[in-house]
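Architecture and fold: a report
Residue-level listing of the chains:
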Amino acid sequence: MTTSTDDPDAPLWRAASAFRLATVVYAVGFQLVVADSYRSTRLSWVLVSMVVVWSGLAGSLLLRRSNRLPVVVADQVVVLAAMASTRLVAGPEWYTVHQVLPTTLWVTNAVISAAILWGPAAGIGSGAVMSVGVAVTKGELSVDLWRDATAPILLSVGLALGVASRAARRGRQQLERAIGLAAATAERERLAREVHDGVLQVLAMVKRRGSEIGGDAVELATLAGQQEIALRTLISESRVPAREHGPLVDLRPGLQSRESVTVSVSTPGEPVLLDRAVAAEVEAATRSALGNVAEHAGPGARAFVLLEELPDTIVVSVRDDGVGIPAGRIADAESEGRMGVSKSIIGRIRSVGGTAAVESWPGDGTEWEFRIPRGHR
């Protein structure tokens, strides 16, 4: 039975099946040598035959990606039962000084299955259970259990295969992320070529000609310029997928998306990482500050957003060249019950442990500065 190419554990399951086959050969060979020493030779052959049948069935089922869970659980039970059956075919003078009937090597298959399916913790747990099972069967369960190499070997196998299984899954996830990122990059480059060859050139021409013609065409030129900037930002944006950073996200793309004809955004060349919730609040506060510029800074006012990453702090500055805010205006608005600035800007930044300061020069613009300590990353 073949395995799916999407199964990261497929090589481990194939190796486990090969090992299971080798242990079956060893178990049968051991039975040929010691069968006459059992007090019930016929029953021992029946039990060994069942071991062979189960090994073939379990090995083939585990090569399939689906329904492995019940097979692995059954493997634990069957192995424990096979060990216990040693007392049905041999007396104390035999089982206290020899291997269990299916052989200790064959017992390792249950530990390997648990480790591959569930990871190192389950592998160690299964190894411990099997070690106790062997000791109980042989009547050797005591504080001197570690004098026998069986327990250390089974525990080591469970740990090693569990770690290997976890590493295989992690490697597969990283490969899928790399493939997705490569595909996204290729698609962005293809889109950039097509848009640049057509739409961007047309928008640039409309913007230029509309400005030259004047009159009502100026509004059309402004709209074309805004769409040109938006398209260029979309094409050039290199947002790293959030899963690449776990719970952290890159703050830059959210700020870059606010760029327009009247808004310029400057950010560092490397990702500026913040907790997802913190980044959302910072972006919302920036959006509110830019909204105030558009509404109150006066016609023709431009805004400039600057993102800086300092050793202990992340700083976002929003500066405009508009009419400015009269002295005491923010405090007056708050006292009058208009909480827009207080809640949408200052409140958001304070809620994530940062500070928001505003400075204004009547007739010469306003500057907001948000400082977010690195401790809130």
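Residues numbered from 1 in each chain as written. Predicted model: local features only at pLDDT ≥ 70, side-chain atom pairs only at ≥ 80, totals over all residues. Heavy atoms only, no water.

1. A look at the sheet that holds strand S2 (residues 263–266)
If you walk across this open sheet you meet the five strands as S2-S4-S5-S7-S6, and the pairing is mixed. Taken across any chain shown, the strands that pair with only one partner, and hence form the sheet edges, are S2 and strand S6 (355–360). Pairs of neighbouring strands in the sheet enclose a mean axial angle of 15°, with direction left out of account. (Pairing = 2+ DSSP bridges. Helix = DSSP H or I, 4+ residues; strand = E, 2+ residues; numbered from the N terminus. Axes fitted to C-alpha atoms, helices over the stretch in contact; angles between N-to-C directions.)

2. Some details on the UniProt feature "transmembrane region" (unreviewed entry) in the chain
The UniProt feature table records "transmembrane region" (unreviewed entry) at residues 12–33, 45–63, 111–137 and 149–168. Strand forms 0% of residues 149–168 and helix 95%; the C-alpha atoms that close the span are 28 Å apart. (UniProt positions renumbered as here; feature names shortened; annotations may be inferred.)

3. Looking at the nonpolar core
In this structure, Leu 251, Leu 274, Val 282, Val 316, Val 318 and Phe 370 are the most contacted members of the largest nonpolar core, which totals 30 residues. If you list the elements that add at least two residues to this core, you get helix H11 (251–256), S2, helix H12 (276–296), strand S4 (303–309), strand S5 (313–320), helix H14 (340–351) and strand S7 (366–373). The element contributing the most residues to this core is H12, with seven residues. By size, the runner-up hydrophobic cluster in this structure holds 26 residues, among which are Trp 13, Ala 58, Leu 63 and Ala 114. (Core = buried A, V, L, I, M, F, W, Y, C linked by side-chain atoms within 4.5 Å. Buried < 20%, exposed > 50% of the residue type's maximum accessible area, 1.4 Å probe, protein only.)

4. A look at the packing of aromatic side chains
Here the structure, examined in full by the defined rule, presents three aromatic pairs. With centroids separated by 5.6 Å and ring planes inclined at 80°, the aromatic side chains of Tyr 38 and Trp 94 adopt a geometry described as edge-to-face. Here Tyr 38, found in the loop between helix H1 (10–34) and helix H2 (41–62), pairs with Trp 94, found in helix H5 (residues 92–95); they are 56 residues apart in sequence, far enough to count as distant. With respect to burial, Tyr 38 and Trp 94 carry one shared label: buried. Look at Trp 368 and Phe 370: their rings are 6.3 Å apart centre to centre, the planes differ by 45°, and that puts the pair in the tilted class. (Phe/Tyr/Trp six-rings, centres within 6.5 Å; stacked < 30°, edge-to-face > 60°.)

5. Quick word on H12
Taking 1.5 Å of rise per residue, 21 residues should cover 30 Å, and H12 covers 30 Å from first to last C-alpha, within 8% of that figure. Looking only at H12, the buried set comprises Val 278, Ala 279, Val 282, Ala 284, Ala 285, Thr 286, Ala 289, Leu 290 and Val 293. One or two residues past the end of H12 sits Gly 298, with phi positive at roughly 100°. (Expected span 1.5 Å × (residues − 1).)

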